Every structure is written in structure tokens, then in C-alpha cells.
Amino acid sequence: KNEVEQSPQNLTAQEGEFITINCSYSVGISALHWLQQHPGGGIVSLFMLSSGKKKHGRLIATINIQEKHSSLHITASHPRDSAVYICAVNRGSQGNLIFGKGTKLSVKP
Amino acid sequence: EAGVTQSPTHLIKTRGQQVTLRCSPISGHTSVYWYQQALGLGLQFLLWYDEGEERNRGNFPPRFSGRQFPNYSSELNVNALELEDSALYLCASSFRIQETQYFGPGTRLLVL
């Protein structure tokens, strides 16, 4: 079993829909990251959080430490949001990231 | 401010050869991370350097090695290339441990 699990693996939405991507982890962590990877391969860090909730524009990330679960929400989705969204964690005191397999999101106009 | 840079962008090698990939972190960042993304697979952690020292390595054979220079740039070396080493190799840097990581554009390696 992977230490970081994401669901769903693939997600197709219509423009304007509210989207939720889930991430569960089975190890002790110091931080959780949400990353975005576009088709060209470039990766951008969206959020790093260790508790509570963060918001940036139409993106919201939440984490529940007790349940070892995080969600990434996209409000009013747009075709430009189409990308692979990756959940990653810092395990314990380590600086390197451990990754989930990613969620491929496609938003149709 | 320049982002993380990597060179070369693309590379084609044959099985058994050796390759060196290079990474320059964002100015002021002392931690450098190497990750592998094989086709159709998720990201896997390779190596982590901080202040010139190797701090952790992932589950990869010893033919994957690297180093970090005094200016915090880094090299990833892969010896005795195998077909399954074909992948996108990503370098990332952070100002401190367990902070936001900034990724470079990657080096695409094809082993024939």
C-alpha cells in the first residue's frame, strides 16, 4: 500500500463545476503539499499546509491531521485548470517529498 | 529572480552509458532534491542534498549518485544506464527544510 493515496485517479468536469480531490496518508508527517503538473511536465507548488485550511484564489486546501486526510477544492472550474494534481508529504523530519500518484483533471468548456 | 534551472533539457543515451544532469537552485536556497518521473508512473524521490551533504536517498540502486557544490548547485550521475532509467528527472530547491519546493523544468532522458 502506498503511503500517500489520492482519489479519484481521473476526473472530468464541466466548466463552472466545484471540484474536490482527496488525499490520504498513512505515515506521520510534518507538512502536506499540493502540486500542479501541466502537460509539458512543469510542476508548480500550490499549497503547503500542516493544519487547518488555506485559500488562494479559486483554490482551497484543507487538512485533518487526526484523520490523516487532505482535500483540494477548486471552485468555478475553468478549462485552464486542466492538469495533474499531486499530493505530497514531508514524512517526519525529512525534507524530501513522498508523492501520491496524482489526479488527472480535465475541465470541458 | 531566476527559478530553478536544469541542463540539459533533453538527452538520448544508449544502455550501459553514463549521464550527468545538472541543477542550479534558486539563489539563497540550500536544499536541493532530485526526483524521477518515469513514463506513466508517479514521482519518486531520488536524493536530497542540504548544505553540501547528502541527507537522504530514495529506494534506488547505488549507480544513482550525486553531489552538491559549495554554491549549492547539484549534479545527478547515473552509471550503467538501463532502459528503465528513461524518465523525466526533476530537480527542486527550498530555502529551508520542509518549506515550499520550487521545481525546475526537468531533464528528459531517453535510454535506447
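Treat the numbers as computed from the prediction; the structure is a model and nothing was measured.

Peer 1: Is there a simple way to think about the environment of Pro79(A) in this case?
Peer 2: Residues and elements named next belong to chain A. Tracing the sequence through the fold places Pro79 in the loop between strand S8 (69-74) and strand S9 (83-91). With a relative accessible area of 25%, Pro79 lands in the partly exposed category. Beyond its immediate sequence surroundings of up to four residues, Pro79 is in contact with Glu15, Val107, Lys108 and Pro109.

Peer 1: Explain the sheet that holds S8(A) here, please?
Peer 2: Strand pairing in a sheet takes place through backbone hydrogen bonds and is either antiparallel or parallel in direction. All names here are of chain A. Taken together, the five strands give an open sheet; going across it, the order is S1-S3-S8-S7-S6, and neighbouring strands pair in antiparallel fashion. Pairing within the sheet leaves two strands with one partner each, and these edge strands are strand S1 (4-7) and strand S6 (52-56). Recorded for the sheet is a direction-independent mean angle of 15 degrees between the axes of neighbouring strands.

Peer 1: Which parts of the structure should I look at to understand the state of the cysteines?
Peer 2: Here, the word disulfide means a covalent bond between the sulfur atoms of two cysteines. All names here are of chain B. All chains considered together, the criterion is met by two disulfides over all chains. Across a sulfur-sulfur distance of 1.8 Å, Cys23 and Cys91 are joined as a disulfide pair. Measuring handedness by torsion sign, the sulfur bridge of Cys23 and Cys91 sits at about -60 degrees and is left-handed. Of this pair, Cys23 sits in strand S3 (residues 19-24) while Cys91 sits in strand S9 (residues 87-94), and the two are 68 residues apart along the sequence.

Peer 1: Before we go on, may I ask you to explain the interface of chain B and chain A in this structure?
Peer 2: Size of an interface: often given as the accessible area lost when the parts come together. With 17 residues of chain B at the contact, the number on the chain A side is 18 residues. The junction of chain B with chain A conceals about 1500 Å² of combined surface from both sides, 57% of it contributed by carbon and sulfur atoms. It is Leu43(B), Gln98(B) and Phe103(B) in chain B that bury the most area against chain A; as a group they hold 40% of the surface buried on that side. Run the count over chain B and chain A and you get zero salt bridges.

Peer 1: Which parts of the structure should I look at to understand unusual backbone geometry?
Peer 2: Note: most residues except glycine have negative phi, and most peptide bonds are trans. With an omega of -10 degrees, the peptide bond between Ser7(A) and Pro8(A) qualifies as cis. Structurally, Pro8(A) is set in the loop between S1 and strand S2 (10-14). The peptide bond linking Ser7(B) to Pro8(B) adopts the cis configuration, its omega dihedral lying at -5 degrees. Take Pro8(B): it is sitting in the loop between strand S1 (5-7) and strand S2 (10-13). Of note, the phi angle at Gln98(B) is positive, near 60 degrees, even though the residue is not glycine.

Peer 1: In this structure, what is going on with the sheet that holds strand S7 (residues 64-68) of chain B? I would like to understand it.
Peer 2: Residues and elements named next belong to chain B. The sheet built from four strands is open, its strands ordered S1-S3-S8-S7 with antiparallel pairing. Among the strands making up the open sheet, the edge pair consists of S1 and S7. Neighbour-to-neighbour, the strand axes of the sheet open up by a mean angle of 15 degrees, direction not taken into account. As paired elements, S3 and strand S8 (residues 74-78) share five bridges and run antiparallel to each other. Each bridged residue has a counterpart across the sheet, and for Leu21 the counterpart in S8 is Leu76.

Parameters at a glance
Within every chain, residues take consecutive numbers counted from 1 along the sequence as written. Chains and ligands are labelled sequentially in the order written, the chains with letters from A and the ligands with numbers from 1. For a predicted model such as this one, the threshold for reporting local features is a pLDDT of at least 70, and the threshold for listing and counting side-chain atom pairs is 80 or more; totals across whole chains, interfaces and linings nevertheless cover every residue. Neither water nor hydrogens contribute to the side-chain values; these are computed over all heavy atoms in the structure. Numbering of helices and strands runs from the N terminus; a helix is a DSSP stretch of H or I covering at least four residues, while a strand is a stretch of E covering at least two. Exposure classes here rest on a 1.4 Å probe applied to the protein chains alone. A residue is buried below 20% of its type maximum, exposed above 50%, and partly exposed in between. Only heavy atoms enter the contact rule, under which two residues are in contact if any of them lie within 4.5 Å. By this definition, two strands are paired if DSSP reports at least two bridges between them. An axis is simply a line fitted to the C-alpha atoms; with a helix, the fit covers only the stretch in contact. Between two such axes, the angle follows the N-to-C directions and lies from 0 to 180 degrees. Note on disulfides: each one is a pair of cysteine sulfur atoms within 2.5 Å. In short, buried area is how much 1.4 Å probe accessible area vanishes from two parts on joining, totalled over both. One side-chain nitrogen of Lys or Arg within 4 Å of one carboxyl oxygen of Asp or Glu is enough to make a salt bridge.

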